[in-house]
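Each chain is listed here by its residues.
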Amino acid sequence: MLIKLVGGKVYDPANNENGVIRDIFVQDGCIVSRPHDHSRIDETYDLNGKIVMAGAIDLHTHIGGGKVNIARAMLPEDHRQDILERSNLTRSCCGRAAPSTLATGYRYTEMGYTACFEPAVLPINARQAHMEMGDTPIVDKGGYALLGNDDFFLRMMAANEDQQLINDYVAWTLHAAKCIGIKVVNPGGISAFKFNQRKLDVDEEHSYYRLTPRQILKTLTRALHDLGVPHPLHVHASNLGVPGSDDSTLITMGAAEGLPIHITHIQFHSYGTEGDYKFSSGAARIAEAINKNSNVSVDVGQIMFGQTVTASGDNMSQHRNAHHANPKKWVVMDIECDAGCGVVPFKYRDKNFVNALQWAIGLEIFLLVQDPWRIFLTTDHPNGAPFTSYPHLIKLLMDKSFRKSVLSTIHADAIKMTTLGSIEREYSLYEIAIMTRAAPAKILGLSGHGHIGVGANADIVVYHTNDDPEIMFAKPLYVFKRGELVAKDGAIVKITLGDIHIVKPEFDGAIEKRLRAYFERYHTVNLDNFKISDDELSECGNGSRMTIHPCNKRPS
Amino acid sequence: MNKLASRNNITCPFCGLVCDDLSTSLINEKLEVTANGCSLSKLAFAQLSSVNASDLRPRVSGKPVGDNELGHAIAEAAGLLRGSAQPLFSGLMTDVSGMRAITSLADRCGAILDHPNSAALTRNLSVLQNSGWITTTFSEVKNRADLIVLVGTDAVTRFPRFFERLVWNKDHLFSEELKREIVYLGDIKNTQPGVAPNGRQPLVIPCNQEKLGEIMGALRCIATGKHIEATEIAGVSIQVLEKLISKLSNARYGVIVWAVADLDFPHAELTIQSLCELVKYLNKTTRTCGLPLGGNDSDLTANQVTTWQIGFSLPVSLANGRPSYDPHHFTTTSLLAQGAVDTLLWVSSYQAQRTPPATKIPSIVLGCAGMQFENEPDVFIPVATPGLDHSGHIFRSDTVVALPLRQLRTNSLPAVAHVIGALQKLL
Ligand SMILES: [Zn+2]
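The structure presented is a predicted model; accordingly, all values stated were derived computationally and were not measured.

Asks: Explain the overall build of chain A here, please?
Replies: If you tally the helices and strands in chain A, you get 20 helices and 26 strands. In terms of C-alpha radius of gyration, chain A reaches 22 Å, essentially the compact-globule figure of 24 Å for 556 residues. Overall, the C-alpha framework of chain A stretches about 70 × 55 × 45 Å when taken along its three principal axes. The buried share among the 556 residues of chain A stands at 67%.

Asks: Can you walk me through the pattern of salt bridges in this structure?
Replies: Oppositely charged side chains can form a pair if their charged atoms are brought close together. Summed over all chains, the structure comprises 60 salt bridges over all chains. Notably, a salt bridge pairs R86(A) with D107(B), separated by 2.9 Å at the nearest N-O pair. With R86(A) in the loop between β7 (83–84) and β8 (93–94) and D107(B) in helix α3 (residues 96–109), the pair connects residues from two separate chains. What you see here is one network of salt bridges that share partners, running through E512(A), R516(A), D528(A) and K531(A).

Asks: Is there a simple way to explain a nonpolar patch on the surface in this structure?
Replies: Residues and elements named next belong to chain A. Together, L89, V493 and I495 give the surface a local cluster of nonpolar side chains, amounting to about 210 Å² of exposed area. Its place among the elements puts L89 in the loop between β7 and β8. Classification of L89 as partly exposed rests on a relative accessible area of 38%.

Asks: Explain the sheet that holds strand β18 (residues 343–348) of chain B to me, please; I cannot follow it from the model alone.
Replies: In a beta sheet, neighbouring strands pair by backbone hydrogen bonds and run either parallel or antiparallel. Residue and element names in this part refer to chain B. Ordered by their spatial adjacency, nine strands build an open sheet running β5-β4-β20-β19-β18-β6-β7-β16-β17, and the pairing between neighbours is mixed. Each end of this open sheet is capped by a strand with a single partner; those strands are β5 (63–64) and β17 (324–325). Examined bridge by bridge, strand β7 (residues 112–113) and strand β16 (residues 316–317) share two bridges and lie antiparallel to one another. Counted as the bridge partner of I112 is S317 from β16. Here α3 sits on the sheet in contact with β6 (87–93), β7 and β18, set at roughly 175° to β6.

Asks: Hey, could you run me through the nonpolar core in this one?
Replies: Generally speaking, a soluble globular protein has its nonpolar side chains buried in company with each other. W359(A), F366(A), L397(A), F89(B), L113(B), F162(B) and L366(B) are the most contacted members of the largest nonpolar core, which totals 317 residues. Leave out the neighbours within four places in its chain, and L366(B) touches L345(B), W346(B), V347(B), S348(B), I381(B), V383(B), V416(B), V419(B) and I420(B). L5(A), V26(A), Y45(A) and F480(A) belong to the second-largest nonpolar core, a separate cluster that totals 19 residues.

Asks: Before we go on, may I ask you to explain helix α18 (residues 511–522) of chain A in this structure?
Replies: An α-helical turn contains 3.6 residues, so any two residues separated by three or four positions project in the same direction. Its 12 residues place the ends of α18(A) 17 Å apart at the C-alpha level, agreeing with the 16 Å of an ideal helix rising 1.5 Å per residue. Those residues of α18(A) hidden inside the fold are in contact with α5 (151–158), α6 (163–177) and α19 (527–530) of chain A together with α5 (138–144) of chain B.

Asks: Can you walk me through unusual backbone geometry in this structure?
Replies: Working note: non-glycine residues mostly have negative phi, and peptide bonds are mostly trans. Here the residue pair N326(A) and P327(A) is connected by a cis peptide bond, since its omega of -5° sits within 30 degrees of zero. Along the chain, P327(A) turns up in the loop between α11 (315–321) and β18 (330–335). Here the residue pair L314(B) and P315(B) is connected by a cis peptide bond, since its omega of -10° sits within 30 degrees of zero. Of note, the phi angle at D380(A) is positive, near 55°, even though the residue is not glycine. Relative to the helices and strands, D380(A) resides in the loop between β20 (375–376) and α13 (390–398). What makes D380(A) buried here is its relative accessible area of 2%.

So, how was this worked out
Residues numbered from 1 in each chain as written. Chains lettered and ligands numbered in written order. Predicted model: local features only at pLDDT ≥ 70, side-chain atom pairs only at ≥ 80, totals over all residues. Heavy atoms only, no water. Helix = DSSP H or I, 4+ residues; strand = E, 2+ residues; numbered from the N terminus. Rg over C-alpha atoms; globule rule 2.2 N^0.38 Å. Buried < 20%, exposed > 50% of the residue type's maximum accessible area, 1.4 Å probe, protein only. Salt bridge = Lys/Arg side-chain N within 4 Å of Asp/Glu carboxyl O. Patch = residues over 30% accessible without salt bridge, like charges linked within 9 Å, V, L, I, M, F, W, Y side chains within 5 Å. Areas by Shrake-Rupley, 256 points an atom, 1.4 Å probe, with all protein chains shown as cover. Pairing = 2+ DSSP bridges. Contact = heavy atoms within 4.5 Å. Axes fitted to C-alpha atoms, helices over the stretch in contact; angles between N-to-C directions. Core = buried A, V, L, I, M, F, W, Y, C linked by side-chain atoms within 4.5 Å. Expected span 1.5 Å × (residues − 1).

The analysis is restricted to geometry; functional conclusions fall outside its scope.
Here is the structure:
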């Protein structure tokens with residue numbers, strides 16, 4: 001099957017194409033070079049006047065696993081706002097703040113997203129995360145395994161074990177949980193909460209292990225660097241939501257000591273303590289630090305006004321913020337000497353000073369960070385807002401008059417505390433293509449994604465040209481997944497099953513002997529049942545194909 | 001065809017603890033638990049081992065189908081569903097892959113999905129949906145808890161190895177010796193397992209189960225420093241309750257256990273809510289967590305899959321291609337009583353005694369081989385048991401851990417997912 005996409009205007013930053021009008025050829029799910037003139041073209045799409053990009057990639061979206069399912073169970077009233085009726089192709093389910101796996105797959109696809117990464121896979125809960133991802137149709141998936149609050153790791157660090165052994169454990173975890181990266185959430189803080197500590201600054205000691213978050217960050221960034229895992233340590237920093245978190249975020253960046261580090265939903269960690277409300281924007285300082293330190297990448301975690309739910313591994317912060325719950329219900333969990341979670345519904349209001357300023361801070365960061373290759377478009381779905389708000393967010397970035405008009409409607413005191421009104425920058429389509437396609441593929445090590453050069457997976461999105469980016473990005477004309485037309489005019493036309501993306505770094509298997517003894521004494525599952533085999537991954541994933549991305553181990 | 005086989009580290013699907021350390025042997029086609037079995041697992045393995053060859057045959061209108069005529073029984077079932085205006089899929093005692101197949105078929109048929117334990121599930125879910133909770137999981141309890149308060153449950157009747165696996169373990173991560181205190185509150189059957197290996201007795205505070213809500217309210221008053229006029233609440237002296245609050249406030253990591261199935265009285269959800277609010281309050285200064293026990297009859301497995309795929313929890317209706325959630329109207333009992341459904345599909349693949357409720361409407365049963373019926377269903381298809389006859393996955397009580405189930409023997413019984421999948425192809 002040879003498909004020809006004719007004459008679209010291509011935005012493909014990975015191949016330096018900025019609005020180039022050209023044809024694209026697709027065969028067997030991949031993009032191929034122009035065939036011989038006599039080749040039979042099976043299907044032709046006339047894309048004259050249309051805009052073409054690679055499938056979008058969301059590198060931080062909570063789409064599956066225990067805490068997401070708690071959020072779903074908790075919010076029937078929210079689901080009722082967004083019922084998806086069954087069609088000949090799609091099944092009945094619900095959406096909005098905590099959409100079902102089916103709704104998640106449909107809605108992402110309809111918006112032109114073809115890959116989504118679940119950022120908080122608790123290793124002990126990885127099987128469920130993979131089952132949920134397996135039940136999320138069409139899009140490709142992958143997860144980041146949580147480390148840095150698990151007893152085994154903290155114990156190794158407290159005993160001053162060799163970095164090499166820690167690297168083995170990190171690699172073992174990636175294999176066991178079948179993930180593509182490692183995330184640390186509130187380094188040491190989730191564990192400290194179980195010992196009744198209520199905050200943990202970057203240089204503050206955990207009361208039991210006598211370790212600081214800085215040491216944990218240093219060790220884990222080093223481990224991923226040594227193992228050659230493409231994605232750097234994914235960091236949900238200390239002090240989420242706390243005024244003054246801008247300081248600890250800057251210290252967190254420094255803890256990587258120049259090694260690559262990705263700081264996630266940085267908006268929630270960019271708050272100062274100035275002004276009448278003792279709550280101010282730290283965006284300028286944060287953006288300056290990002291601009292200066294090329295080892296740092298971030299995603300924003302923009303908030304949008306309206307109802308959502310926050311679902312996080314950071315039970316310490318979620319417990320601290322639980323009194324903001326709206327509606328008034330929340331869940332906090334300690335989990336298996338491994339991790340934790342907290343689920344707190346939130347309603348961000350434009351007339352609330354703090355919420356209004358949070359909104360402005362996120363946009364300030366987007367607009368003040370100069371390099372779109374190191375900043376990614378996220379709402380930390382659903383924590384800042386459901387992912388379905390992305391088209392609106394893109395419009396805020398691309399259209400300064402629209403942005404200013406929205407700014408004028410938020411809490412008056414917040415307007416005074418933000419420089420947003422004086423920022424004239426507008427993102428170009430090319431920059432949007434970088435931050436939603438080329439850059440996330442690059443930072444995750446996905447060679448077949450995020451571009452439309454020869455050899456790439458044929459994950460292609462075709463948009464109508466429209467002066468209003470919100471309309472344009474909400475309903476692409478065509479979405480192709482691996483060369484198959486899966487959505488047309490914002491509606492699903494075919495259901496496929498995406499791949500699951502993982503890494504399998506090399507390591508010394510001797511670590512498992514220690515782990516086995518540890519599991520036998522202290523855990524409540526057998527080590528062999530903690531690990532997910534390749535076959536089991538396929539079973540959990542409903543038959544999803546596993547794509548293993550290469551790691552380049554570095555001598556430590 | 002079954003040969004002698006001894007297996008270790010076998011996962012047991014017969015209660016919400018989902019222990020994965022059993023040893024089993026297979027001798028003369030009989031499966032036996034040879035190590036780490038409990039009363040429930042031994043009984044269930046024995047029952048599922050004593051089936052006759054004739055029990056393996058599907059029946060249509062009570063008549064066994066011929067050799068290799070499973071397809072005929074499935075076609076009959078498909079015919080019943082095709083003719084149904086409002087089917088009910090209940091039982092749902094299966095594994096993850098069985099549930100995946102069932103939700104898909106339910107979508108196709110516009111069925112209502114319910115589990116026979118849904119009334120109990122709903123008691124917990126309504127607390128989650130109204131105010132929430134702070135909870136913990138098994139390994140945290142095993143390593144961290146220095147005070148365990150069991151409210152309205154002895155734990156062991158439904159979860160026999162609770163104390164053995166989570167409480168009287170020798171090794172703990174965070175202290176050489178953990179001085180664990182046990183408190184029972186309620187009308188408790190069996191407090192003997194709460195006696196420590198060193199002979200230390202549990203504190204037992206007896207009261208009527210229905211009064212636990214009042215006791216929880218009083219405990220919250222005491223915790224928050226409010227004055228109580230009465231000298232006793234529900235027969236329990238205030239001093240005893242004050243002592244309990246002081247224990248909880250001074251515990252390093254207190255755990256309050258409840259088993260929703262044991263809190264089976266009108267408005268028990270308010271008792272659970274009060275318990276959970278007490279836990280939340282205690283966390284203002286110390287660490288205390290709830291530990292909900294459940295997951296028997298794979299009810300949490302059914303609910304997990306339903307919730308992630310559809311968004312709503314059980315019981316849920318997919319009638320007219322729209323999901324809707326009404327936990328009080330969509331229960332099997334109430335739907336059958338009201339005549340609101342016209343066909344029943346009942347799935348019960350773990351225990352032969354979990355039979356469908358009596359009903360006059362056409363019924364299809366996917367059940368354990370050897371299941372006995374008062375009224376023979378229109379179609380009966382004996383199915384494999386996950387964890388004995390095929391591999392699969394089941395969720396533990398804490399809903400965090402999904403454990404793999406393994407195949408221990410071979411026979412001709414088809415898996416639920418297989419039957420349902422074949423059925424859906426005919427619609
Ligand atoms: Zn997140």
